[in-house]
Amino acid sequence: MADQTLTNEIKNAVAKRRTFAIISHPDAGKTTLTEKLLLYSGMIQTAGMVRGRKGGKVAVSDWMGMEQERGISITASAMQFPYKNSIINVLDTPGHQDFSEDTYRTLTAADCAIMVIDAAKGVETQTRKLFEVCRLRGIPVMTFMNKMDLPGRDPLELMEEVEQVLGIHSSAINWPVGSGREFVGVVERASQQLILFEKKSVGGAAKAAVEKVPLDSPEAKAHMTDELWEKLRHDMELLEVAGNPYNREEFLKGKVTPVFFASALTNFGVEPFFDAFVDMAPAPGPRPADTPQGEIMIDPVENDFSAYVFKLQANMNPKHRDSTAFMRVCSGRFERDVVVKNVRLNKDLRLSQPHTMLAADRNTLNFAYPGDIVGVINPGVFAIGDTISLKGGFTFKPLPSFQPEIFARVRPKNVEKRKPFDKGVEQMTAEGTVQMLSSWDGLEFFVAAVGRLQFDVLQYRLKAEYGVETILETLPFQCSAWLVGDPDTFDPPVTILKTKDRQNRPVILFRTTWDKDYTAKKCPNHQFFDMA
């Protein structure tokens, strides 16, 4: 890139950016934390609790009608806003286990993850799965121990569980004083300051007042009982002797997770956490890509504009009735109306009407930099995983598909609605809401998903966005695998259904996991893969 002024502009923009995903088990407080980030950045004046009370607030980042009705995140929202001197790109991923596929794709666009853990429940199933994805991708993880204002488990016990269950060292950056009704605040270990908190509004809709006092001052002691004071001294000494020190290099390698104790709902510890996050989290870095000659690294500053599509979403705004392709900028500067190469199609495309999102609200943008998430109008030319670049010649690593575990036939209740039905199913298959399989003879099609909720979303959106009511019949199969080997010589010892995916790859549906394992043993000339 010849222009030094442009290089410096990109360099400065990259240094300011923090692109991350928030991961958790359902109900651990992930969407609430996202809302609080918007509150503290000044983007919203009052934060809406996730399950909006009648006539009250609903979370800004949950935009789909079904999300606001059920109080869960179903799609991965992408939002950008300034926070103090940084530019934040936050990916609010679905915590519900049925959406692990969308979450996985979204995590590929993140440089860092915030893992939200409910202090009363500790590490839960979904947290464990998502953490594994982060480990697989080499994404550093920060831990936010949430709900300290409610009765919870002992902080030392929680730290130990993170280490044992997730196999990562944990390092406490702050330490809670009390919990539940006795929650006084947190001690910043580095500065030895006690940060006292008091609630300012019901449900933490406005910022919490913050008062800092030295830990060794009489004032600090006056805010707690003798018993709390003794426990705090004991815990702090134990951490100094036996705790893991925080090391940034180890954090960036995914070997240690810095831990913060707080309460997102009441805003206790939220602002210090965000400040520390901006300081600790990595800026966008180089990304691996494949060329005919082998693997190369794409540098965010030195290389020309490149990006890849990690998500497609239709009808985010009912007024627009269009499809949006979300891409993560990996290198160079994105400019409005730029002509780029879609490597898969080997075709030049103009990226029109680019925008950033605050949930369903669009803001048109003229420029974007590495780490940014850009939405562009998709007239049917983008697929999930597409590499977009100025000059072509390389592709970013492919995004995998997960084996579906639930299968169904779906059809419109009213035959006259066939056309909008086909359009809706086609659109949602392209987005990855469900996977589409066809029978071996190509005469029948099935929808497949990782979990049941995906079918609920399919039916809900077909009705809400395309005006089609549907009938869905589930099939008696519980798991599947991609078949490698000659499909014609494949002779399974159990009842199966032979299907093809959209790329015409053979997918075998099994009634039980036992059938799948037994078939694998009995058919040594064929291989079965859970990811493709």
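Up top you'll find the structure we're talking about.
From a predicted model like this one, the values you see are computed outputs, not experimental measurements. (Residues numbered from 1 in each chain as written. Predicted model: local features only at pLDDT ≥ 70, side-chain atom pairs only at ≥ 80, totals over all residues. Heavy atoms only, no water.)

Trainee: Any chance you could break down the nonpolar core for me, citing the residues and the numbers?
Mentor: If you look at the biggest cluster of nonpolar residues, it comprises 61 residues, and the most contacted ones within it are Leu194 and Phe261. Looking at this core, the element that brings in the most residues is helix H8 (residues 226-242), giving five residues. In this structure, Tyr83, Ala208, Phe273 and Ala276 belong to the second largest nonpolar core, which totals 32 residues. (Core = buried A, V, L, I, M, F, W, Y, C linked by side-chain atoms within 4.5 Å. Buried < 20%, exposed > 50% of the residue type's maximum accessible area, 1.4 Å probe, protein only. Helix = DSSP H or I, 4+ residues; strand = E, 2+ residues; numbered from the N terminus.)

Trainee: Can you break down the side chain of Asp235 residue by residue, with the values?
Mentor: Position of Asp235 among the secondary structure elements: in helix H8. Residue classification places Asp235 among the buried residues on the basis of a relative accessible area of 3%. Within polar-contact distance, the side chain of Asp235 engages the side chain of Trp175 at 3.1 Å. Aside from chain neighbours lying at most four places away, what touches Asp235 is Leu156 and Trp175. (Polar contact = N/O pair within 3.5 Å; in protein donor to acceptor, adjacent residues only side chain to side chain. Contact = heavy atoms within 4.5 Å.)

Trainee: Describe in detail the environment of Ala13, supporting the description with residues and values.
Mentor: Considering the arrangement of structural elements, one finds Ala13 in helix H1 (residues 4-16). The sequence separation of Ala13 and Ala368 amounts to 355 residues, and the corresponding C-alpha distance is 9.0 Å.

Trainee: So, the environment of Trp229: which residues are in play, and what are the values?
Mentor: Mapping Trp229 onto the fold places it in helix H8. With 51 residues separating them along the chain, Trp229 and Gly178 place their C-alpha atoms 9.3 Å apart. Aside from chain neighbours lying at most four places away, what touches Trp229 is Leu215, Lys221 and Met224.

Trainee: Mind laying out the sheet that holds strand E7 (residues 174-177), listing which residues take part and the relevant values?
Mentor: On the basis of which strands lie adjacent, the open sheet formed by four strands has the order E7-E8-E9-E10 and antiparallel pairing. Taken across any chain shown, the strands that pair with only one partner, and hence form the sheet edges, are E7 and strand E10 (209-214). Across this sheet, the average inter-strand angle for adjacent strands is 25°, counted without regard to direction. Here H8 sits on the sheet in contact with E7 and strand E8 (185-188), set at roughly 160° to E7. (Pairing = 2+ DSSP bridges. Axes fitted to C-alpha atoms, helices over the stretch in contact; angles between N-to-C directions.)

Shape is all these values report; function is a separate question.
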